[in-house]
Amino acid sequence: KIIILDFGSQTTQLIGRRVRELNTYCEIVPYNKFPHGDESVIGVILSGSPFSVYDEKAFRTDLSSIWGRLPILGICYGAQFIAYTNGGKVEPAGSREYGRARLEYVDESDQLLRGIRPGSQVWMSHGDTITGISDKFEIIASTADVPVAAYRSKEEKVWGVQFHPEVYHSECGTQLLSNFVKGICGSKCDWNAASFIESTVAALKEQLGDDKVVLGLSGGVDSSVAAVLLNKAIGKNLTCIFVDHGMLRKDEFSDVMRDYEGLGLNVIGVDASAKFFKELAGVTDPEKKRKIIGKGFIDVFDEEAHKLTDVKWLGQGTIYPDCIESLSITGTTIKSHHNVGGLPEKMNLRLCEPLRLLFKDEVRAVGRQLGMPEHLISRHPFPGPGLAVRILGDITPEKVAVLQEADAIFIQGLRDHGLYDSVWQAGVILLPVQSVGVMGDERTYERAVALRAVTSTDAMTADWARLPYDFLAEVSNKIINKVKGVNRVTYDISSKPPSTIEWE
Ligand code: XMP
């Protein structure tokens, strides 16, 4: 495996994904937590960082135990850190260097740069620049503004690159990372969905033996793939519970139950909507709504699970981005996301998380390899509290029904026009606003809704989707004509940041 030392850059996860795309297993660990003693490590990558190497509070680490023993690649801050701590010089760049640049000089005989030609576009994003390197190193690439765009050690297998090969705008990025991972570190490149399934199923059999496992299904990709994988390993010893909190999309509960049964899963569906509507009555504060639903979900799940006997494990669809130990540089919680956190403590069960090593796109690849239907695999993400966070203000069954109808029209429209897969996520928001309209000769005074559709790769940042006007017009007409109680449709054109994807 490759170890990626995280110095806090926003692109660290992307480095991980790119290495995985090279069919090579990798792990991201905080900069000071290298797994000493792990014999399976074949190479190390140092990420970028929001700090300057000469900052008082910059993240520093001691590389002496890996230096010369394992190949090392420093990216951006990683490159500056290696240069700086080995007698080089790093200074603020005249102006912040950000965006596209072209490599002017490239030492094509270098192992890292093999196959990369002068003129190749690279992506720069740095406030500092390496202005001098010790004579232990030599320059292997330059751009017009950055003389030390890449360097290597003359003696050891150590490289540094000032640009970001993990970013898609760096044309030679894949080649460079492949040269490092395959050529220099000698990865066999045999990590893929099929091999993951084979080794995970074997490991689950070993870990679980004849133990029983209970797992909460949400209808989403992660919990569904986790369930199918566990089902493959332990069959009838897996019981799944799917709780309907009443705020799912139109027909979602019955559709998804049918899918699950088709997959051979042993699923208990629980309609707990009455309980949730009662507890949510009159509550308007978004965080309170989330807490009520989170706690209610745990209570219902716990009650159902207690009807089963001898359960020892709780299965969960936790994926890698949820597990990467965060360096918490800013450390503020924007929204408390509803997860099934809290369950294991309450139920005194051991946790089984078969997807905790996978990125989202890998989870999808595993699902496809397992033969799951495409509409389950390529579904948009949907928040745990469901439509509750898309109804601004208090929640009533009547409002949920209105929103379900409008949402179904929008989503079906996206599918019919072949637009569904081009957006990351879409939905309708029910606004706490009434407006005047005219229908026939009648004056109406009814609700307004907002359509929301975004493009994104990880939900951390998102842009509003540029959906065709004609399509928006068609959806607007349909909603106003068919959904009783709605007489106005708006389109949300805010990106994240500064807005968020959901309105609450
Ligand atoms: P925001 O609104 O924070 O959403 O930009 C980012 C992603 O997270 C989803 N989301 C949630 N998911 N429980 C969840 O499981 C929640 O409480 C929650 N709130 C937001 C949102 O749909 C988007 O995909």
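One numbering rule holds for all chains: residues counted from 1, following each sequence as written. Reporting in this predicted model follows two pLDDT cut-offs: at least 70 for local features of residues, and 80 or more for side-chain atom pairs to be given and counted; totals over whole chains, interfaces and linings ignore these cut-offs and use all residues.

Engineer: Lay out the domain arrangement of the protein chain with the relevant residues and their values.
Structural biologist: What fixes the domain bounds is an automatic or database domain assignment. Split into domains, the protein chain comes out as domain 1 (2–184), domain 2 (193–377) and domain 3 (390–491). Look at where the C-alpha atoms of domain 2 and domain 3 centre, and you get two points 28 Å apart. Of the residues lining the interface, nine residues belong to domain 2; the matching set on domain 3 comes to nine residues. Polar here means any residue outside two lists: the nonpolar Ala, Val, Leu, Ile, Met, Phe, Trp, Tyr, Cys and Pro, and the charged Asp, Glu, Lys and Arg; Gly therefore counts as polar. The residue inventory of the side of domain 2 that touches domain 3, partitioned by class, reads four nonpolar, three polar and two charged. Any pair of residues counts as being in contact when their C-beta atoms, constructed from backbone geometry, are within 7 Å of one another.

Engineer: So, the site of the ligand: which residues are in play, and what are the values?
Structural biologist: As used in this record, a residue near a molecule or strand is one whose C-beta atom, placed from the backbone, is within 6 Å of it. What surrounds the ligand is a group of 15 residues, the closest being Pro383, Gly384, Thr500, Ile501 and Glu502. Of the residues assigned to the shell around the ligand, the class counts are six nonpolar, five polar and four charged.

Engineer: Describe helix 3 (residues 173–184), with residues and values.
Structural biologist: When the terminal C-alpha atoms of helix 3 are compared, their 15 Å separation across 12 residues agrees well with the 16 Å that a helix rising 1.5 Å per residue should span. Within helix 3, the full set of buried residues consists of Gly173, Leu176, Leu177, Ser178, Asn179, Phe180 and Val181. Working definition: helices are DSSP H or I runs of at least four residues, strands are E runs of at least two. Numbering for both runs from the N terminus. Residues of helix 3 that are buried make contact with strand 1 (2–6), helix 1 (12–21), strand 3 (43–46) and strand 4 (72–75). Positive phi shows up at Gly186, right after helix 3, with a value of about 75 degrees. Here the expected span of a helix is defined as 1.5 Å times the quantity of residues minus one. Each residue is classified by how many other C-beta atoms fall within 10 Å of its C-beta atom, where C-beta atoms are placed from the backbone; a count of 20 or more means buried, 12 or fewer means exposed, and values in between mean partly exposed.

Engineer: I'd like a rundown of the environment of Arg350, residues and numbers included.
Structural biologist: Inspection of the secondary structure assignment puts Arg350 in strand 14 (residues 350–352). Among the residues examined, Arg350 registers 13 C-beta atoms within 10 Å and is labelled partly exposed. The sequence separation of Arg350 and Leu314 amounts to 36 residues, and the corresponding C-alpha distance is 6.0 Å. Leave out the neighbours within four places in its chain, and Arg350 touches Lys312 and Trp313.

Engineer: I'd like to hear about the nonpolar core, residue by residue, with values.
Structural biologist: Leu230, Cys240 and Ala406 are the most contacted members of the largest nonpolar core, which totals 77 residues. Per-element tally for this core: the top contributor is helix 5 (residues 221–234), with nine residues. Two domains share this core, each providing at least three of its residues, namely domain 2 (193–377) and domain 3 (390–491). Setting aside residues up to four positions removed in sequence, Leu230 forms contacts with Leu204, Val213, Leu215, Leu238, Gly315 and Pro354. Ranked by size, the runner-up nonpolar core spans 55 residues in total, among them Ile4, Ile15, Cys76 and Phe180. As used throughout, a nonpolar core is a set of buried Ala, Val, Leu, Ile, Met, Phe, Trp, Tyr and Cys residues joined through C-beta atoms within 7 Å of each other.

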